Amino acid sequence: MKFHTTYDVIVVGAGHAGNEAAAAAANTGAKTLLVTMNMGVIGQMSCNPAMGGVAKGQIVREVDALGGYSGLVSDHSAIQFRMLNRSKGPAMWSPRTQNDKYLFAQTWREMLERTEGLDFWQDSVTSVIVEEGRCVGVRTALGTEIRSKAVVLTNGTFLNGLLHIGEKQFGGGRAGERASSGITEQLVELGFESGRMKTGTPPRVDGRSLDFSKMELQPGDENPTHFSFLKRRENLNDQLPCHIAYTNNAVHDVLRSGFDRSPMFNGRIRGLGPRYCPSIEDKIDRFADKSRHQLFVEPEGRNTVEIYLNGFSTSLPEEIQLEAMRLIPGFENAKMFRPGYAVEYDYFPPTQLKHSLETTSVGALYFAGQINGTTGYEEAACQGLMAGINAARSTWNKEPITLSRSDAYIGVLIDDLVTKGTEEPYRMFTSRAEYRILLRQDNADERLTPLGHSLGLASDERLKNLEKKLDGVKSISSFLDKTSIHPDGANDYLESKGSTLMKQRVKARQILTRPHITLAGMIENIPELSSISEFDSEVQEQAEIKIKYEGYIEKEQAMADRMSKLENLRIPDDLDYSKLASLSAEAKQKLSDKKPKTLGAAANISGVSASDVSVLLIYLGR
């Protein structure tokens, strides 16, 4: 059956990776088709109803800066906003939203339907069409053959997906939805290597049955900001609170009583789960010395009583889940809507990809999201965006767009996947980025919006907003450089902050560089600086960061520039890594086994950290 026209790009799957891929391909001018098994769940939040968090929030801002949709969708559906790690330096600040999961999915679908050049087809893809080493379309369960110039696979957890609840097993990509079969088997026949991974989800609970007075309140920020640099969301004045609860030894004892029926312990689950988001049974087994574990009690939306119990992911029998949960303070009378479960699925080790996310074996075939071994909405979204861009560019024979490790967290993620691979679900952390002072959430637009605009993704409005912001930062910096402050106008404020008092006039910029002194505090307390209050708060924040951290930023930029030149630096064949005391034990072992020829090759070995590379640099005299 052939009644479809030929498309430039076909995207398979309408999760976070697929949606960003489809939007990116269409917005760059490619005629695009998004194929999904169920158009009713486009953009569904299968796991927790939240976006962002540590390092993940930086990714969402980068996707937005390039012209992707995730930031706008997150802002529009937000019920709470928090900037995490405010007590640390700005490199660690990470935005996070709690979202109305139903409004989130609705917003995604509405935005995609408004995207020019994007069509939809509800069906299950069973295979890709490969001719002369290139992917030229897909075949579906309905027998439809749809031709294209490039294909992006974003199958999530659906490839031969298997759900586990205790000793029960069900085929499916997530609860209530069937698995997808055929693609893995075909790709293996084509020479691809595949593997199995596992992730899980906690039970959903009736919020009316909980006693929130026994839990810690976790409100949103007093002055919530935005994910998107377009700032399309109105003020978030009616934030919903989250809460924090804790397990205890009684909870752990009940959970242990079900271990003999746990698919994780009895060998039913073969795939590796996420190290940094383990199930509750994994936590109490690995950390048996801990008497309690923290849980986050998160609302799933404004118009529902359903609660997501973050931190209680489990695949134990449902009766064990409920019995243990009712021993948590505040959950004594808890009613469970849905039990938690684990899902096992196929993935393809990402070392089989180029940095463009095109496969090395089949031309014009791109992978993005959990098919590459990642976990998390944000990690999926940024891969989808880049795969969509490059799939579209391949149809016009244009060079792919890749981001370096000093350009973006997106560049770190893709480089990690392609060069090092992963044997467990990959999650982004700030510690994975060696240039995190450069890759802050506040300057994602400065780093990436010009590129997004040149690709046709970021609008003229985004570029004008950036130019206005940078002009404001420059104006504030210049004003602080020129303005001298008299001691009488500043000493009261300095004294309140425990800072040394001034004895003579000092440039405002010098005052700002002092510890514990903020630009907002100076504006409020020093009359000569009141005119700065006319600038947007984000402009003020950007100016302050650039001034306070100027030396660190310049040093890290110099390091990034130097590393780009040193990637081909030769390492002596007879180097005895065991004698380099500052190397980590893992790095010594991996480097001794692999014997890399160059510094770039050493940096690409899994287990060799940025600090290990720095040790090698010092040893090599660079």
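Source: prediction; values computed, not measured.

## Here's the deal with the sheet that holds strand S3 (residues 50-52)
Taken together, 3 strands build an open sheet; the order of strands is S3-S5-S4 and the sheet is antiparallel. For this open sheet the edge positions go to S3 and strand S4 (78-84), each flanked by a neighbour on one side alone. Averaged over all pairs of adjacent strands, the angle between strand axes in this sheet comes to 15 degrees, irrespective of strand direction. For S4 and strand S5 (residues 94-99), the ladder comprises 6 bridges, and the chain directions are antiparallel. Counterpart to Arg 82 in the pairing with S5 is Arg 96.

## What to know about the packing of helix H2 (residues 56-66) against helix H11 (residues 444-454)
Relative orientation of the contacting elements H2 and H11 amounts to 35 degrees, with a least axis distance of 7 Å. Once H2 is placed against H11, the crossing between them reads as right-handed. On the side of H2, the interface is formed by Arg 61, Glu 62, Ala 65 and Leu 66, while H11 contributes Ala 444, Asp 445, Arg 447, Leu 448, Thr 449, Leu 451 and Gly 452. Classifying every residue of the contact of H2 with H11 gives 5 nonpolar, 2 polar and 4 charged.

## Focus on the packing of aromatic side chains
Summed over all chains, the structure comprises 6 aromatic pairs. Ring geometry for Phe 348 versus Phe 367: centroids 5.6 Å apart, planes at 45 degrees, classification tilted. One end of the pair, Phe 348, is in the loop between strand S19 (341-347) and strand S20 (365-367); the other, Phe 367, is in strand S20, and 19 residues separate them in sequence. By the burial criterion, Phe 348 is buried, and Phe 367 matches it. One aromatic cluster in this structure is built from Phe 192, Phe 348 and Phe 367. Over the ring of Trp 93 we find Arg 86, and its NZ or CZ is 4.2 Å from the ring centre.

## As for unusual backbone geometry
Even without being a glycine, Ala 55 presents a positive backbone phi close to 70 degrees. If you trace the backbone, Ala 55 turns up in the loop between S3 and H2. Residue Ala 55 is classed as buried on the basis of its relative accessible area, which comes to 0%. A positive phi angle is found at Asn 397, which is not glycine, with a value near 60 degrees. When you line up the elements, Asn 397 lands in the loop between helix H9 (377-395) and helix H10 (409-420). The exposed category is assigned to Asn 397, whose relative accessible area is 73%.

## Section: the state of the cysteines
Throughout the structure, instances matching the rule amount to 0 disulfides. Free of any disulfide, Cys 242 has its nearest neighbouring cysteine sulfur in Cys 47, separated by 14 Å.

## Some details on the packing of helix H6 (residues 249-257) against helix H8 (residues 318-325)
In contact at an axis separation of 8 Å, H6 and H8 are set at 170 degrees when each is read in the N-to-C sense. It follows that H6 is roughly antiparallel to H8 by the angle criterion. Contacts from Val 251, Val 254, Leu 255 and Ser 257 in H6 reach Ile 320, Glu 323 and Ala 324 in H8. Tallied by class, the residues present in the contact of H6 with H8 amount to 5 nonpolar, 1 polar and 1 charged.

## A look at the nonpolar core
In this structure, Leu 153 and Leu 365 are the most contacted members of the largest nonpolar core, which totals 111 residues. When neighbours within four sequence positions are excluded, Leu 365 is seen to be in contact with Val 128, Cys 135, Val 151, Leu 153, Leu 187, Phe 192, Leu 357, Glu 358 and Thr 359.

## Remarks on the side chain of Thr 184
Looking at the element boundaries, Thr 184 is found in helix H5 (residues 183-189). Using a relative accessible area of 7% as the deciding quantity, one classes Thr 184 as buried. Excluding residues within four positions of it along the chain, Thr 184 makes contact with Leu 159, Asn 160, Ser 194, Asp 346 and Phe 348.

## Side note on the sheet that holds strand S16 (residues 294-299)
Pairing within the open sheet is antiparallel, and its 6 strands lie in the order S14-S15-S16-S17-S13-S18. The sheet terminates laterally at strand S14 (216-218) and strand S18 (336-338), the two strands that pair on one side only. On average, each strand axis in the sheet is tilted by 35 degrees relative to the strand beside it, whichever way the strands run. For S16 and strand S17 (residues 306-310), the ladder comprises 4 bridges, and the chain directions are antiparallel. Opposite Glu 298, over in S17, you have Tyr 308 as the bridge partner. Relative to the sheet, H8 contacts strand S13 (204-206), S17 and S18, its axis offset from that of S18 by approximately 145 degrees.

## Let's talk about the environment of Asp 445
Note on placement: Asp 445 falls in helix H11. According to the relative accessible area criterion, Asp 445 is buried, its value standing at 4%. With 285 residues separating them along the chain, Asp 445 and Asn 160 place their C-alpha atoms 39 Å apart. Those residues in contact with Asp 445 that lie beyond four places of it in its chain are Ala 65, Phe 229, Pro 450, Leu 466 and Lys 469.

## Re H10
With 12 residues, H10 ought to run about 16 Å at 1.5 Å a step, and its terminal C-alpha atoms sit 16 Å apart, in line with that. Among the 12 residues in H10, 10 count as buried, and that is most of the element. Buried within H10 we find Tyr 409, Ile 410, Gly 411, Val 412, Leu 413, Ile 414, Asp 415, Asp 416, Leu 417 and Val 418. Turning to H10, the residues buried within the fold contact H2 and H9. Positioned one or two residues after H10, Gly 421 has a phi angle of 70 degrees, which is positive.

The rules behind each value
Residues numbered from 1 in each chain as written. Predicted model: local features only at pLDDT ≥ 70, side-chain atom pairs only at ≥ 80, totals over all residues. Heavy atoms only, no water. Pairing = 2+ DSSP bridges. Helix = DSSP H or I, 4+ residues; strand = E, 2+ residues; numbered from the N terminus. Axes fitted to C-alpha atoms, helices over the stretch in contact; angles between N-to-C directions. Left-handed = near helix turned anticlockwise from the far one by under 90°. Contact = heavy atoms within 4.5 Å. Nonpolar A, V, L, I, M, F, W, Y, C, P; charged D, E, K, R; others polar. Phe/Tyr/Trp six-rings, centres within 6.5 Å; stacked < 30°, edge-to-face > 60°. Buried < 20%, exposed > 50% of the residue type's maximum accessible area, 1.4 Å probe, protein only. Lys NZ or Arg CZ within 6 Å of the ring centre and 35° of its normal. Disulfide = S-S within 2.5 Å. Parallel < 35°, antiparallel > 145°, perpendicular 65-115°, else oblique. Core = buried A, V, L, I, M, F, W, Y, C linked by side-chain atoms within 4.5 Å. Expected span 1.5 Å × (residues − 1).

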